[in-house]
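Spelled out, the chains give:
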Amino acid sequence: MGATDRAKVEVAIHRLSIVDSGTYAMDSSPSPAESLWTVDRIEGGVAVLVNEVGHGASVPLSRLPPQTAPGVVLAIPIEQNVPNWSAAMIDGAETLRRRGEERQTEG
C-alpha cells in the first residue's frame with residue numbers, strides 16, 4: 001500500500017459521521033480532495049450550503065447524509081474539480097468545534 005492509499009485509509013478510519021445515538025464522533029481534517037461546507041439552512045427539501053470561502057450551493061437533501069441539518073459541517077469529496085454531493089460525510093468534530101465557537105461569541 002502506497003503513502004497515498006494509507007492516507008486515504010487513515011481519513012476513512014477517522015472520518016465518522018453522527019453515530020446512531022445522535023452524538024458526534026471524532027473526525028480528522030479534510031483531505032486535499034475534500035472541501036468543507038456548512039449547512040446554512042434548509043428550504044423545501046433543499047440544503048443551502050456555504051463553503052469556507054463564502055461560496056454557496058443549493059443541494060437537494062436527497063443527495064446528502066440523512067442527518068443533514070442547519071449548522072452541520074459536511075466534508076464533500078472533490079472529483080475532477082466538481083463536488084460529489086452524494087458522497088458527503090458529516091464532519092462531527094468540526095460541527096461541534098464551530099458550535100462551541102458560536103456559543104462562546106454569544107455568551
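Since we're looking at a predicted model, the values are computed, not measured. (Residues numbered from 1 in each chain as written. Predicted model: local features only at pLDDT ≥ 70, side-chain atom pairs only at ≥ 80, totals over all residues. Heavy atoms only, no water.)

1. Some details on the pairing of strand S1 (residues 34-43)
Pairing of S1 with strand S4 (residues 73-79), which is carried by five bridges, proceeds in the antiparallel orientation. Paired with Ser35 across the strands is Ile76, a residue of S4. In the sheet, S1 pairs with strand S2 (residues 46-51) via six bridges, with the strands oriented antiparallel. Residue pairing in the sheet places Glu43 in a bridge with Val46 of S2. Taking the residues between adjacent antiparallel strands as the criterion, S1 and S2 are bridged by two residues, where Gly44 takes a positive phi near 55°. (Pairing = 2+ DSSP bridges. Helix = DSSP H or I, 4+ residues; strand = E, 2+ residues; numbered from the N terminus.)

2. Comments concerning helix H2 (residues 92-106)
Residues spaced three or four apart along an α-helix point in a common direction, a consequence of the helix completing one turn every 3.6 residues. With 15 residues, H2 should reach 21 Å at 1.5 Å per residue; the first-to-last C-alpha distance of 21 Å fits that figure. Inspection of H2 places Gly92, Glu94, Thr95 and Arg98 among the buried residues, and these make up the whole buried set. Down the axis, H2 shows its buried residues gathered within 165° of arc, on one side only. Across from the buried face of H2, at angles greater than 90 degrees, the exposed residues are Arg103 and Gln104. Looking at the packing, one finds that the buried side of H2 touches S1, S4 and strand S6 (89-90). (Expected span 1.5 Å × (residues − 1). Buried < 20%, exposed > 50% of the residue type's maximum accessible area, 1.4 Å probe, protein only. Arc of directions from axis to C-beta. Contact = heavy atoms within 4.5 Å.)

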